[in-house]
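Examination of the molecular architecture
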Amino acid sequence: MPTPVNVAVIYYSSTGTVSTIAEAVARDAENAGAQVRLRKAAELAPQAAIDSNPAWAEHARATAGIPEVSPDDMVWADAVIFGTPTRYGNVTAQLKQFLDTLGGLWQAGSLADKVYSGFTASSTAHGGQESTLLALYNTVYHFGGILVPPGYTDPSKFVDGNPYGTSHVSGQGDIPVAEQTLTAARVQTERVVKFTRAIKAGLAAEN
């Protein structure tokens with residue numbers, strides 16, 4: 001019987017692109033045999049800012065039923081796949097705020113020896129996608145996590161060209177998440193589940 005694997009998909013999305021990828025990643029993880037929690041980071045922007053952008057306001061309403069992430073989701077998970085839009089080539093404040101609440105778990109060693117990976121989106125090509133993922137992974141190093149990027153391990157990765165994680169160019173919200181991005185997300189997610197299962201089984205055997 002395969003080793004059970006818990007995967008937390010934790011993301012922030014304002015207008016829906018990263019949310020769409022997160023939902024695909026969650027489905028892919030379930031299809032690969034994992035137990036999955038899909039969680040969103042809490043919104044920090046004032047309501048006036050959200051209401052000023054119809055796409056932002058609509059997405060907030062559409063995803064109101066998705067639970068907000070809590071530290072317990074990190075403890076539960078054997079693997080965590082983070083999703084964030086780019087913000088000046090960096091992680092969004094909303095996701096970073098959650099990460100910054102995890103000091104107690106980090107200090108206790110509760111975030112170590114888990115698998116981590118990430119995905120992102122930006123309005124423009126080369127709009128900080130790679131630097132955003134690299135910035136996100138700095139936190140993983142501090143956790144003592146095991147980073148599992150997609151690399152160029154599948155022909156699809158030579159199409160999207162990002163070995164650091166899945167990424168999507170959304171334009172002004174008018175370029176939908178399509179097959180290229182969904183394939184990249186599936187390849188990355190299956191790789192995360194595969195190695196999480198192997199690492200978890202190996203550690204259990206040692207103990």
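Presented here is a report on the structure given in the accompanying data block. Here the structure is a predicted model, which means the values were calculated and not measured. (Residues numbered from 1 in each chain as written. Predicted model: local features only at pLDDT ≥ 70, side-chain atom pairs only at ≥ 80, totals over all residues. Heavy atoms only, no water.)

**Thoughts on the packing of aromatic side chains**
The way to describe two aromatic rings as a pair is by their centre distance and the angle between their planes. The criterion, for reference: Note on ring pairs: Phe, Tyr and Trp rings are taken, using the six-membered ring of Trp, and paired if centres are within 6.5 Å. Classes follow the plane angle, with under 30 degrees stacked, over 60 edge-to-face and the rest tilted. Helix numbers and strand numbers start at the N terminus; a helix is a DSSP run of H or I with at least 4 residues, a strand a run of E with at least 2. Type-normalised accessible area, obtained with a 1.4 Å probe on protein chains alone, sets the label of each residue: buried when under 20%, exposed when over 50%, and partly exposed for intermediate values.
A complete count under the given rule lists three aromatic pairs for this structure. Ring centres 5.6 Å apart and planes at 50° place the aromatic pair Tyr116 and Phe143 in the tilted group. Separated by 27 residues along the polypeptide, Tyr116 in strand 4 (residues 115-122) and Phe143 in helix 7 (residues 129-143) bring together distant segments of the chain. In this pair, the class of Tyr116 matches that of Phe143, namely buried. Both rings, one in Tyr152 and one in Phe158, keep their centres 4.9 Å apart while their planes meet at 25°; by these two values the pair is stacked. The exposure class of Tyr152 is partly exposed, given its relative accessible area of 43%. Members of the aromatic cluster, joined through ring pairs, are Phe82, Tyr116 and Phe143.

**Notes on the side chain of Asp28**
Quick reminder of the rule: Charged residues are defined here as Lys and Arg on the positive side and Asp and Glu on the negative side; His and the ends of the chain fall outside this count. Put simply, a salt bridge is a Lys or Arg side-chain nitrogen that is within 4 Å of an Asp or Glu carboxyl oxygen. In this analysis, two residues are considered to be in contact whenever any of their non-hydrogen atoms come within 4.5 Å of each other.
Topologically, Asp28 is positioned in helix 1 (residues 17-31). The side chain of Asp28 sits in the buried core without any salt bridge; Arg186 is the nearest counter-charge, 5.8 Å away. The residues touching Asp28, leaving out its near neighbours within four places in the chain, are Leu182, Ala185, Arg186 and Thr189.

**Description of the environment of Gly103**
Tracing the sequence through the fold places Gly103 in helix 6 (residues 103-107). Between the alpha carbons of Gly103 and Phe143 there is a distance of 9.5 Å; along the sequence they are 40 residues apart.

**Topic: the pattern of salt bridges**
Summed over all chains, the structure comprises eight salt bridges. Across the pair Asp160 and Lys157 runs a salt bridge, and its minimum N-O distance is 3.0 Å. On the criterion of helical spacing, the pair formed by Asp160 and Lys157 is a turn pair, its members being three residues apart in helix 8 (residues 157-160). Linking Glu190 and Arg186 is a salt bridge whose minimum nitrogen-to-oxygen distance equals 3.4 Å. Taken together, the residues Glu190 and Arg186, both in helix 9 (residues 179-206) and four residues apart, mark about one turn of the helix. The exposure class of Glu190 is partly exposed, given its relative accessible area of 37%.

**Observations concerning the pairing of strand 4**
Just so we agree on the cut-off: When DSSP finds two or more bridges between two strands, those strands count as paired. When the strands point away from the viewer and the connection leading from the first strand across the helix to the second strand turns clockwise, the crossover is called right-handed.
The element strand 4 is largely enclosed, with a buried count of eight among its eight residues. Taking every second residue as pointing to the same face, both faces of strand 4 are buried, with Val115, Ser117, Phe119 and Ala121 on one and Tyr116, Gly118, Thr120 and Ser122 on the other. Looking at chain direction, strand 3 (residues 79-85) and strand 4 are connected through seven bridges and run parallel. Of the residues in strand 4, the one forming a bridge with Phe82 is Gly118. With two bridges connecting them, strand 4 and strand 5 (residues 146-147) associate as parallel partners. Within strand 5, the position partnered with Val115 by the bridge is Ile146. A crossover connection joins strand 4 to the parallel strand 5 through helix 7; in handedness this β-α-β unit is right-handed. The pairing of strand 4 with strand 6 (residues 166-169) spans four bridges and is classified as parallel. Each bridged residue has a counterpart across the sheet, and for Ser122 the counterpart in strand 6 is Val169.

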